[in-house]
Number of protein chains: 2
Amino acid sequence: MFEGLNLLVSENAADRIAYARDLWPRHHLAVRQGRKLGEPRAVVWPRSTEEVAQLMRWAGERGVPLVPFGAGSGVCAAVSPTSDAIVVDMKRMARWRRLDTAAPSLDVESGHMGVPLEERLNREGLTLGHFPSSILCSTVGGWVAARSAGQASAYYGKIEDMVTALECVTGKGDVVTLHHRTTGPSLVPLIVGSEGTLAIVTSATLRLHPLPSTRAFAAWSFPTTEVGWEAMREMFQSGLRPAIARLYDPFDAMLAKQGSVKKRGVIPHAPGRGSTVLRTLLRKPRALNALLESRPFAAMVGGAMLVVIFEGPSSATDASAASEIALAMRGRDEGEGPARRWLEHRYSVSYRQSPAVASGLFVDTMEVAAPWSRLGALYENVLRAVGPHVFIMAHFSHGYADGCCIYFSFAGSANDGGPWDEACERTYDRTWKSALDAVVAAGGTIAHHHGVGRSKAPRMDKELGSDGVRAVHALKRAFDPKGILNPGVLVPPVSPFPYPERW
Amino acid sequence: MFEGLNLLVSENAADRIAYARDLWPRHHLAVRQGRKLGEPRAVVWPRSTEEVAQLMRWAGERGVPLVPFGAGSGVCAAVSPTSDAIVVDMKRMARWRRLDTAAPSLDVESGHMGVPLEERLNREGLTLGHFPSSILCSTVGGWVAARSAGQASAYYGKIEDMVTALECVTGKGDVVTLHHRTTGPSLVPLIVGSEGTLAIVTSATLRLHPLPSTRAFAAWSFPTTEVGWEAMREMFQSGLRPAIARLYDPFDAMLAKQGSVKKRGVIPHAPGRGSTVLRTLLRKPRALNALLESRPFAAMVGGAMLVVIFEGPSSATDASAASEIALAMRGRDEGEGPARRWLEHRYSVSYRQSPAVASGLFVDTMEVAAPWSRLGALYENVLRAVGPHVFIMAHFSHGYADGCCIYFSFAGSANDGGPWDEACERTYDRTWKSALDAVVAAGGTIAHHHGVGRSKAPRMDKELGSDGVRAVHALKRAFDPKGILNPGVLVPPVSPFPYPERW
């Protein structure tokens, strides 16, 4: 089958299993039930742009679907290959092509992993300023594909603000280099967020920054989450740009005050007595949520908490200006401790999915966003919709002058009859269906930085409108006329949703 | 001809002359020679999105070209209708659709003029933060179409950073609302900068900001322009974001120090003795440029000058941090005066084109940009290439962490034999041809915020590369399959360049 295709290919069973999925929690639930996931026909590892172009032409002639693959940390099922598909792992393309220390900027191949990239830049006195919590298991290409946002996005921007040029191979096999902030229409934002459906990104030129020389840390408690986000809004609208600004709801704040080690402790390491208690609690999430959202609970644990870190030359002044705002809004000073502790443990919470599933639970996150004026409705709508199904907590991060992201964390389990695992899956589906509908009803966006994949694709028409969907289809036809690039992802009508239960 | 088209139409001769052009200086030169410009078949004034959609479908069925029109202040011949074309003046669509004071944001129709918009926002305690020097004669739709940048772009962003949603009518007659920073590919940046070639923008949702409560003013002189831009770079790369940062070369600085009234005085109000002297000087621009670029001249007038204004809560601290950088780089403190004077006269210099042409001269500007590492080459290349043809001066504005815009001003006249006006036109064409080639050779972008139109379109292939041109063509086919939207603009091979002399 692979004649004329001069690159590293594997049809090995282990490889095909390894590349059959990403970190979508529902994949985990399926595996726990012993259900086999769809496996690709093969996996390839191109080493150069030319090899990607050759592969693309080869696949186009044969109508073979291609699924681009970074490091597999996606959580929306953008990687879920059909049996005729080839997964294209980009990690062998990880060279630095050109570091311009004056601009400063770096042209780097898309398969480069996050941590080694940042570490090597730091040795040059530079930073990309991109710190997604997936940084240990994600690549430059994955960031671009999913419109990633790092923890310091308020100061350094999202990945879309960092990319000044992209080299990519379109579905036609053309190698194109697109530039941002040039004359005429900007094509870079078309590819950023397109999740491998329009082109495969082979390299990205990224804006860099000098490593920050100074930082300022602060935190305040607020009586309610709402007062907290009003303070956050006031800060952003007064022109402040904290590198980090994270507002935790009372339960999340209680965990954060106890330190991240305790926070991780909520999710059990392995099946045991703790997980039995948790499973029992999670059978009746409505009562648990009602308790933890109540004012008495908030008062008991000290309310919501806003943690900020400023970077750069005016960080100390900025922190005082922020403090003035917080104190004027009934904030209580919590000192530097919470922000320093957060920084120390910034990547600690992202790898607890498997132990949770092993304990008969599931955990998931949903990152949505809205203008400040609709943020309250978004928060309330989601709590009301999801509360009956799973335990839910939230923090507010990635602030802007005009709006904010809400990052919900869910923990759920079986809460109806029948076999446990199947019931778990039903809870999972009910949760997501009600959550996405609640977001759409509140006028929020269904994804801030995790992407759309397959799990959110059935609601993209609500988000884009039928006209927006038509525009995306027109682009798809222009860039990938044979429809070989990651079919089924992003916009549903391009190909039908592959799961029996359409959310 | 206009049966079934239920909107305000004029085939009146005066209207057709008035809408035959924008402010491209070469249009002026043609008119001065008594040459007739191409006039459109008719002018229409739609009042609603539905009327625009109706017009688009009507034109599509008949293959009639449509030329969208804001307030006509473009300087690159994006408005230059053929005799079968209809000009679509959008200024009757100027309603505020929705002001969201909490976000804050405004959905406003695209025909709204700049100054009334900012004034009305100011009465609400808000600002858009967009201050193009054309603000007195440009519209929201024009800003979006040409990727406009205002004087305070370093702090508030370019128009592309302000637009969160666009309602527009594609060449197929579909009404689409595109959102920025949503999930999946962002389509807003496709339309921003597309100069009416993909869709007609009917409304834009724009990010707003509270009116700044504080400002800080500063200015420093530097021995050379290069030291000045190194200081500017240092400021931006240290994280400072002055709302205004303008570096003037020695001649431009000399005028700025004398105040804008004197600056305007360089261009005569009307033909007279002053203009005769100027015309004589401009016959030998090479010598004049060499004199004014020389170190003795720089020393005599006090060197280059950087003027900054900071806005927002930390403006005083930011100004001190900037001062530290400037003084460490041999800057001489010039006090608050130059920045305050600049602010007072910020829109004074943009309306001197007609008197110049009436005096037998021409003036024009070219706004290009490059990463800091290529800025010196860009500056030198353009001076060397253009110096033999016209008198040239420059200022550096619209700074970023990774690069900067250079804004060149030219003044020229006839400098070969033959009739004066024709010789003027030859100087003009030679100037632009050599200038654009010099920009491309230095790796700069040929347009930072004036757009491409027809005047720069013949060099867009150098900028985009043949692959980029193909991508733009694919988009054109997707959004405007019949090719009725502003043909001839932006990318040359879509239709041939309409002037005999291809630059």
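Read on for a plain summary of the structure. Just so you know, these numbers come straight off a predicted model, no measurement behind them.

### A short note on the pairing of strand S12 (residues 215–222) of chain A
Residue and element names in this part refer to chain A. Burial analysis of S12 places 7 of its 8 residues in the buried class, which makes it a mostly covered element. Both S12 and strand S14 (residues 304–311) contribute to a ladder of 8 bridges, which runs antiparallel. In the strand pairing of S14, Trp220 is matched with Leu306. Pairing between S12 and strand S15 (residues 332–333): 2 bridges, direction antiparallel. Pairing of Ser221 across the sheet is with Arg332, part of S15.

### Let's talk about unusual backbone geometry
All names here are of chain A. Note that the residue after Ala103, namely Pro104, is joined by a cis bond; omega there is -20°. Looking at the secondary structure, you find Pro104 in the loop between strand S5 (96–100) and strand S6 (105–109). A positive phi angle is found at Arg147, which is not glycine, with a value near 55°. Structurally, Arg147 can be placed in the loop between helix H5 (140–146) and helix H6 (153–156).

### Quick look at the sheet that holds strand S6 (residues 105–109) of chain B
Residues and elements named next belong to chain B. Read across the open sheet, the 5 strands follow the order S5-S6-S10-S8-S9; overall the sheet is antiparallel. Looking at strand neighbours, the two that pair on one side only are strand S5 (96–100) and strand S9 (175–179), the edges of this open sheet. Looking at each pair of strands side by side, their axes are set apart by 15° on average, direction ignored. Here S5 runs beside S6; their pairing, made up of 4 bridges, is antiparallel.

### A word on the relation of the copies chain A and chain B
Taken together, a rotation about one axis and a shift along it account for how the two chain copies relate. Once chain A has been moved 0.0 Å along the axis and rotated by 179°, it coincides with chain B to within an RMSD of 0.0 Å. The transformation relating the two chain copies, once decomposed into turn and shift, fits a two-fold axis. Taken together, the interface assignments show that 98% of the residues at the interface of chain A recur at the interface of chain B, consistent with an identical surface on both copies.

### Comments concerning the pattern of salt bridges
Two side chains that carry opposite charge are able to pair once their charged atoms sit near each other. All names here are of chain A. Summed over all chains, the structure comprises 58 salt bridges over all chains. With a shortest N-O distance of 3.2 Å, Lys433 and Asp437 are connected by a salt bridge. With Lys433 and Asp437 both in helix H19 (residues 420–441) and 4 residues apart, this pair spans about one turn of that helix. The class for Asp437 is partly exposed, based on a relative accessible area of 29%. Bridged by salt links that share partners, the residues Arg95, Arg97, Glu109 and Glu167 form one connected network.

Thresholds, definitions, all that
- Residues numbered from 1 in each chain as written.
- Chains lettered and ligands numbered in written order.
- Predicted model: local features only at pLDDT ≥ 70, side-chain atom pairs only at ≥ 80, totals over all residues.
- Heavy atoms only, no water.
- Buried < 20%, exposed > 50% of the residue type's maximum accessible area, 1.4 Å probe, protein only.
- Helix = DSSP H or I, 4+ residues; strand = E, 2+ residues; numbered from the N terminus.
- Pairing = 2+ DSSP bridges.
- Axes fitted to C-alpha atoms, helices over the stretch in contact; angles between N-to-C directions.
- Least-squares fit on C-alpha atoms with pLDDT ≥ 70 in both.
- Contact = heavy atoms within 4.5 Å.
- Salt bridge = Lys/Arg side-chain N within 4 Å of Asp/Glu carboxyl O.

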